[in-house]
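Chain and residue survey
What follows is the residue order along each chain.
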Amino acid sequence: LFPDPAAATDLVVHQLAATSLFAAKFREAAARALLLPRRRMNVRTPLWQQRKRASDLLSVAARYPEFPIILEAHRECLRDIFDMPALLEVLRGIQAGEIQTHVVDTPRPSPFAASLLFGYIGNFIYEGDVPLAERRAAALSIDQTQLRELLGDADFREILDPASIAEVEAHLQLLVEPHRAASPDAVHDLLLRLGDLARAEISQRLAPPGLPSAIKALLSARRVVELRIAGQPRLIAVEDAARYRDALAAALPPGLPKSLLHPVAAPVLELVRRYARTHGPFTLNEAAARFGLQPEPVQTTLQQLVREGRILEGGFRPGNAGQEFCDAESLRLIRGRSLARLRKEIEPAPPSLFARFQTHWQGVVTRRRNPSRSLDALLDTIESLQGAPLPASLLESQILPARIARYSPADLDTLIAAGEIVWCGIDSLGDRDGRIALYLADHIAATVRMPRLPDVGRRDDHPLDNLSPTEEKILTHLTHSGATFFAQLHDAIGGGYPGETVDALWALVWRGLVTNDTLHALRAYIEKPDTSRSGKRLHNQPAFHSRRTPPPSAQGRWTLVPAPDRTSPAAQTAWSHSLAQQLLHRYGIVTRETAAQENLPGGFSAIYEVLKALEAQGKVRRGYFIAGLGGAQFAQAAAVDLLRSLRASGPQKPEILALAATDPANPWGATLRWPEPQDSSASLTRSVGVTVILRNGELVAYLRRNNPAMHAFLPADEPDRSEAARDLAAFLSNYAQEQLQNPESRHHGGLLIAAISGQPAQQHFLAPFLREAGFHPSPRGFHVRYSAGKAPTEAADS
């Protein structure tokens, strides 16, 4: 706990530069030094702009450790805030033995610790400097009673570890080396703490082999008396004589001090309470047999202690059956040790293994197959993806086909028409795209996100603020009339130009207020105009010619998105519980970065309390599963087993697959940081149109749509470098052939690679492997083209 005083300063300085505290003090010091001047003296500089400019300055100044502002920020943090000289003085005093330390367990934090905890919670909730209105769910209060009802009763037999129970019992019974008695006074204290013990039981707790003679001295001094309890002779401390006399009707030897023989009010309760406090889980018969009592009075006493909260009733020992009892503090120790053992069972996995785990867990390595006339595969996929923000333009072209072999849009239409699936808008992406979420109809009320606020800068915004008159009329009509076709809706709000009504509808869709009972309108909305395919409609939709036909992006019936009331703590708790369960189902392992990837309202704090409760129930595990990520990582037991099996077995042959960068199964750029590109000017983002290629979880290629430049990430050492290059080139050739057969692909004419990682393609290490795979050199780079009639190969299909 206490570091070496000589190394304490270096430890703090090493971590200080990466903290928000140092960034804040650097910004203040730079502002005082006039290094962040205002552009206009009569206008205040927004705080976000100050932070941005200070961050840019710090990124340059960090190259020069002697930069005065960096030194001043370190001085202010180390002396004015942390007071390192005082800390070093305390550490030296502890090391020299001048200051003694004591471990104290308190039920609540001290005033000093409470202030630190409050500051940590403030940073935890508002981390990322996101506007308060967008983080409104971060302050949701968790109703612990409602959470217990949602989680149910914990089955401690599945949580508690037998070795942990034995270890805690050994400490409680003073059977381990630090607690063994080494003097007659220690033997007396032993009996006061544990109660009656036989001579053989005392000898197990003695340190020196010749100490049993101390028992004779204690008996002669009348500090210890011997009684017959449960049919065998046992020794007790003389201070307990009245308790055993009144509880067990034991005969006491004559000559004991009268001051120790006063009647005891509740002798059985005191004996049973001490027995529970010094043992692990026990049964009613075990406690009654220890004192030679009938079960009835012991049962009454135990029930009283259960009502007072001192003892818990349930099942505790794995493999046992029947009702058991355990002291509340003893159970806390056992559960803590059991959870610690579970957390240490698995070694942290490297990022590439975690990425490979995600592709297996989310079913993109072995895609689900739809049996004849069955929609179960699609339903299972949507159950996993529900609530995830998915680009609408990629939903049916990349995300669903990556999980379902031979995906057909008609299947999704069938489920939506049957009322099994509901889609909702989350936010817009440009003029003709946006992020949507799919939900199972019977789960939407529990998991749907709250509508997006129009003005994120105001705390008291309401979803209905800042609406245009047309949008207000649409909401009013849908509220009173329910699902409505576009023609009736347009007439009900006053008619006029239909395009204005269509634009208002889609503005409400991207706020999460309105949805449609089909996907035809969404497909038409995201369809890009293409003169080469002007005679075709998306997914073979029929071409209507009636003048009564609504615009393609307004087909179907429009309705309001269910808006459950989440103002009460119980409703907030239920939402947090459903959200945590959904993230565990989708990702297997949930971290703080997972919440950032999903852009959850409230961030990680919205589900953290639920995840902690699930761990306490033994339904998830907490540990350091993924190296390089934060310590708050929660995983399902099945996810831990899969991660462990993937580490142990390894791939029999290279697993190479292409995913949309925004696919939830791709952790790169979200949960995991992008690898450092060779081209320093490159900027890697999880944007629509970007495709990533993974090889055994490692990111090996990054492709942008309509951009002939590719970024390659190959291992540094041989022979892994050549093997990865050969596999990547072969996959790119098959990928180009597969894209040719996909009418929705932007690479339908072939694949051109003009540059690789900032170098001309023909000069890159990958060039000979591309030629070997079938790419042809051209003045612009490497090009692969197939005839339109050529069918995809089995390798491309796999």
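These numbers come from a predicted model, not from an experiment. (Residues numbered from 1 in each chain as written. Predicted model: local features only at pLDDT ≥ 70, side-chain atom pairs only at ≥ 80, totals over all residues. Heavy atoms only, no water.)

1. Quick look at the pairing of strand β19 (residues 709–712)
Direction of pairing for strand β18 (residues 698–704) relative to β19: antiparallel, over a ladder of 3 bridges. Its bridge partner being in β19, L703 is matched across the sheet by M710. Counted between consecutive antiparallel strands, the loop separating β18 from β19 contains 4 residues, among which N706 sits at a positive phi close to 60°. Here β19 runs beside strand β21 (residues 755–756); their pairing, made up of 2 bridges, is parallel. (Pairing = 2+ DSSP bridges. Helix = DSSP H or I, 4+ residues; strand = E, 2+ residues; numbered from the N terminus.)

2. With respect to the sheet that holds strand β9 (residues 434–440)
The sheet built from 3 strands is open, its strands ordered β6-β9-β8 with antiparallel pairing. The open sheet has two edge strands, β6 (390–391) and β8 (421–428), and neither has a second partner. Relative to β9, β8 runs antiparallel, the two being bridged by 7 bridges. If you follow V422 over to β9, its bridge partner there is Y439.

3. Thoughts on the nonpolar core
The nonpolar side chains of soluble globular proteins are, as a tendency, buried together. Within the largest apolar cluster, 44 residues are counted, with the highest numbers of intra-cluster contacts made by L412, W423, W506, V514, L522 and W558. It is helix α25 (residues 498–510) that provides the largest number of residues to this core, a total of 7 residues. (Core = buried A, V, L, I, M, F, W, Y, C linked by side-chain atoms within 4.5 Å. Buried < 20%, exposed > 50% of the residue type's maximum accessible area, 1.4 Å probe, protein only.)

4. Digging into helix α16 (residues 295–308)
For an α-helix, the turn length of 3.6 residues means that residues three or four places apart are oriented alike. With 14 residues, α16 extends 20 Å between its outermost C-alpha atoms, agreeing within 8% with the 20 Å of an ideal straight helix rising 1.5 Å per residue. Every buried residue of α16 is accounted for by V298, T301, L302 and L305. When α16 is viewed along its axis, its buried side chains cluster within an angular range of 100° and face the same direction. Every exposed residue of α16 that faces more than 90 degrees away from the buried side is listed here: E296, T300 and R307. (Expected span 1.5 Å × (residues − 1). Arc of directions from axis to C-beta.)

5. Regarding the sheet that holds strand β20 (residues 751–753)
With antiparallel pairing, the 3 strands of this open sheet are ordered in space as β20-β24-β23. A single partner strand is all that each edge strand has here, and the edge strands are β20 and β23 (776–778). For this sheet, the mean inter-axis angle between neighbouring strands, taken without regard to orientation, is 30°. (Axes fitted to C-alpha atoms, helices over the stretch in contact; angles between N-to-C directions.)

6. Digging into the pattern of salt bridges
Scanning the entire structure with this criterion turns up 31 salt bridges. A salt bridge links E396 to R523, with the shortest nitrogen-to-oxygen separation between them at 2.7 Å. Taken together, the positions of E396 in helix α20 (residues 392–399) and R523 in helix α26 (residues 520–526) put the pair 127 residues apart, joining distant regions of the chain. Overall, E396 belongs to the buried group, its relative accessible area being 15%. (Salt bridge = Lys/Arg side-chain N within 4 Å of Asp/Glu carboxyl O.)

7. Considering helix α14 (residues 267–277)
When you tally the buried positions in α14, you get 8 out of 11 residues, the bulk of the element. All of the buried residues along α14 are P267, V268, L269, L271, V272, R274, Y275 and A276.

8. A look at the confidence of the model for the protein chain
Put simply, the protein chain has an average pLDDT of 82, and 85% of its residues get 70 or more. Contacts of residues 124–141 to residues separated by more than four positions or lying in other chains number 41 contacts, the stretch itself having pLDDT below 50. Below a pLDDT of 50 lies the segment residues 787–798, which in the model reaches 17 contacts outside its immediate sequence neighbourhood of four places, other chains included. (pLDDT = per-residue confidence, 0-100. Contact = heavy atoms within 4.5 Å.)

9. Some remarks on the packing of aromatic side chains
All told, the structure shown has 15 aromatic pairs when counted by the stated rule. For the ring pair Y608 and F634, a centre distance of 6.1 Å and an interplane angle of 75° mean the geometry is edge-to-face. You can see Y608 sitting in helix α29 (residues 605–616) and its partner F634 sitting in strand β15 (residues 634–635), a full 26 residues away along the chain. Residue classification places F634 among the buried positions, given a relative accessible area of 0%. One aromatic cluster in this structure is built from W423, W506, W510, Y525 and W558. Just above the ring of Y525 sits the side chain of R432; from NZ or CZ to the centre is 5.0 Å. Taking NZ or CZ as reference, R721 lies 4.3 Å from the ring centre of F765, over its face. (Phe/Tyr/Trp six-rings, centres within 6.5 Å; stacked < 30°, edge-to-face > 60°. Lys NZ or Arg CZ within 6 Å of the ring centre and 35° of its normal.)

10. Describing the environment of R368
Structurally, R368 can be placed in strand β5 (residues 368–369). Between the alpha carbons of R368 and I404 there is a distance of 4.7 Å; along the sequence they are 36 residues apart. Setting aside anything within four residues of it in sequence, one finds R368 in contact with A377, D380, T381, R403, I404 and A405.

11. A closer look at unusual backbone geometry
Cis rather than trans, the peptide bond between E718 and P719 has omega equal to 0°. The topology assignment puts P719 in the loop between β19 and α31 (720–741). The phi dihedral of L174 falls on the positive side, at around 60°, and the residue is not glycine. Tracing the backbone through its elements, the reader meets L174 in the loop between α9 (162–172) and α10 (184–194). Notably, R222 is not glycine yet its phi reads approximately 60°, a positive angle. Locating R222 in the fold gives a position in the loop between α12 (213–220) and β1 (224–229). Classification of R222 as partly exposed rests on a relative accessible area of 36%.

12. Here's the deal with the packing of α14 against α16
For the pair α14 and α16, interaxial distance at closest approach is 10 Å and the crossing angle is 70°. Here α16 runs roughly perpendicular to α14, going by the angle between their axes. Viewed along their axes, α14 and α16 form a crossing whose handedness is right-handed. The residues of α16 that touch α14, namely those facing V268, L269, V272 and R273, are V298, T301, L302, Q304 and L305. Split by residue class, the contact of α14 with α16 holds 6 nonpolar, 2 polar and 1 charged. (Parallel < 35°, antiparallel > 145°, perpendicular 65-115°, else oblique. Left-handed = near helix turned anticlockwise from the far one by under 90°. Nonpolar A, V, L, I, M, F, W, Y, C, P; charged D, E, K, R; others polar.)

13. Thoughts on the packing of helix α19 (residues 376–385) against helix α27 (residues 569–587)
Look at α19 against α27: their axes get within 8 Å of each other, and the N-to-C directions meet at 120°. As judged from the angle between their axes, α19 and α27 are oblique. From α19, E383, S384 and L385 reach across to α27, where they touch Q582, H585 and R586. Residues of the contact of α19 with α27, tallied by class, amount to 1 nonpolar, 3 polar and 2 charged.

14. With respect to the environment of R27
Within the secondary structure layout, R27 lies in helix α2 (residues 20–32). The exposure class of R27 is buried, given its relative accessible area of 14%. With 28 residues separating them in the primary sequence, R27 and S55 have C-alpha atoms 8.0 Å apart. If we ignore the near neighbours within four places in the chain, the residues touching R27 are L36, L47, Q50, R51 and A54.

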